[in-house]
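What follows is the residue order along each chain.
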Amino acid sequence: MNLLQIALNEHKQDLEFFKMTDKGLLLTKILELYPVKAEYVRAILDSHKIDEDGSIKATELLEFFKTLYVDDALRNDDTININKLRSEVEAFELQIKNNDNRIKISDLALLLPQKERLFLKFISFCRKQITSVEFFELLLKYATDKSGKISQDQIYRMVKDFADEIGAPEDHCSDCVRYILALFNADDDSTLDMFDFPRLFNIEGNFLKKLKPHGRFSAVDFDNIIKHYDRDANGTIDAGGELMALIADVLEYADIRVNGELLFEMVDAALELCEKTNLQKLGSEDLKVILTQLPKQRMG
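The structure contained in this document is the topic of the report that follows.

Calculation notes
- Residues numbered from 1 in each chain as written.
- Predicted model: local features only at pLDDT ≥ 70, side-chain atom pairs only at ≥ 80, totals over all residues.
- Heavy atoms only, no water.
- Salt bridge = Lys/Arg side-chain N within 4 Å of Asp/Glu carboxyl O.
- Helix = DSSP H or I, 4+ residues; strand = E, 2+ residues; numbered from the N terminus.
- Buried < 20%, exposed > 50% of the residue type's maximum accessible area, 1.4 Å probe, protein only.
- 1 Å grid on protein atoms, 1.4 Å probe; cavity = no way out; pocket = protein on both sides within 12 Å on 5 of 7 lines; lining within 4 Å.
- Points joined across faces, edges and corners; volume = space filled by probe spheres on them.
- Nonpolar A, V, L, I, M, F, W, Y, C, P; charged D, E, K, R; others polar.
- Polar contact = N/O pair within 3.5 Å; in protein donor to acceptor, adjacent residues only side chain to side chain.
- Arc of directions from axis to C-beta.

Inspection of the entire model under this criterion finds eight salt bridges. The partner of Asp189 in a salt bridge is Lys149, and the shortest N-O contact between them spans 3.3 Å. With Asp189 in the loop between α9 (173-184) and β5 (191-193) and Lys149 in strand β4 (residues 149-151), this pair connects stretches of sequence that are 40 residues apart. Judged by its relative accessible area of 30%, Asp189 falls in the partly exposed class. The partly exposed category is assigned to Lys149, whose relative accessible area is 34%. A salt bridge links Lys209 to Glu252; the nearest nitrogen and oxygen atoms lie 3.6 Å apart. With Lys209 in helix α10 (residues 207-211) and Glu252 in helix α12 (residues 241-253), this residue pair connects regions lying 43 residues apart in the sequence. We classify Lys209 as partly exposed; its relative accessible area is 35%. On the basis of relative accessible area, Glu252 is assigned to the partly exposed category, the value being 38%. Salt bridges here are not isolated pairs; linked through shared partners, they connect Glu134, Glu137 and Arg231.

All right, on to the layout of surface pockets then. Approximately 570 Å³ is the volume found for the largest pocket. Only α7 (132-142) and α12 provide two or more residues apiece to the lining of the largest pocket. Looking at the lining of the largest pocket element by element, the count peaks at four residues for α12. Its residues placed into classes, the lining of the largest pocket shows 12 nonpolar, four polar and five charged.

Locating Thr191 in the fold gives a position in strand β5. According to the relative accessible area criterion, Thr191 is buried, its value standing at 15%. Reaching out from Thr191, the side chain makes a polar contact with the side chain of Asp189 at a distance of 2.9 Å.

This part is about helix α11 (residues 219-229). Residues of α11 that are buried: Asp221, Phe222, Ile225, Ile226 and Tyr229. For α11, the angular spread of buried residues about the axis comes to 140 degrees, placing them on one side. Looking at α11, the residues exposed on the side facing more than 90 degrees away from the buried face are Val220 and Lys227.

Right under this line is the structure:
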């Protein structure tokens, strides 16, 4: 399934019906207390309190919004009655603290303003766990120039594809891109490099490290590696997202940190080591060459 199609089944409930559900009422109350800004989302994502299914405890979500909203209000000299707000929140917390109420972050999108709704839906989609192969296939689909960075225009195209899939207006895409760059672009250069871009996504851990943290890989290990990165199950690793994911994991396994441009160069170097072209596929013998010689070539 195309990654951009995963979100299609995310929100089929009608907004008014959702508000009548227990979770809808819970969310509505939280947002009455603290109007949520899209900029708050990054703090929630960085908290590591979101489960793999994209949900968070209602008490933890409330605590985030309380802290962020009050800090924001004080910083901007907004007039708020802190004591009244605190008493109302404490009464509300008593209602939910003894229940294991979990809220999907994506459900917040139903209650946000339209322009911020697209951003939160997009972030929710990105937080679904994906394999490293899926991530690099997505990167290659949009970062076609092999610069190692994804530009503002390329991010816009990715967001627009997502908006088209869920039926969101295109005129909301620019704001979504602006939020993404504001939250994830460390260099403030209107691009996302290979250190910024992965932070958008929930990518599985390095398979090589899981398979064998130390020691040499066995013949059985090589078979398992081929199976893991061979997403189309043709028995080989294709020179595309599959190979790029493998190379990235090999370099990380060897504690070698490279930027996006160098990663593309290392993919080409791997093909040269195996005497392959971009049209050819790599088998187990090629895999042995990559695992043993590529890190040495980079360090050398």
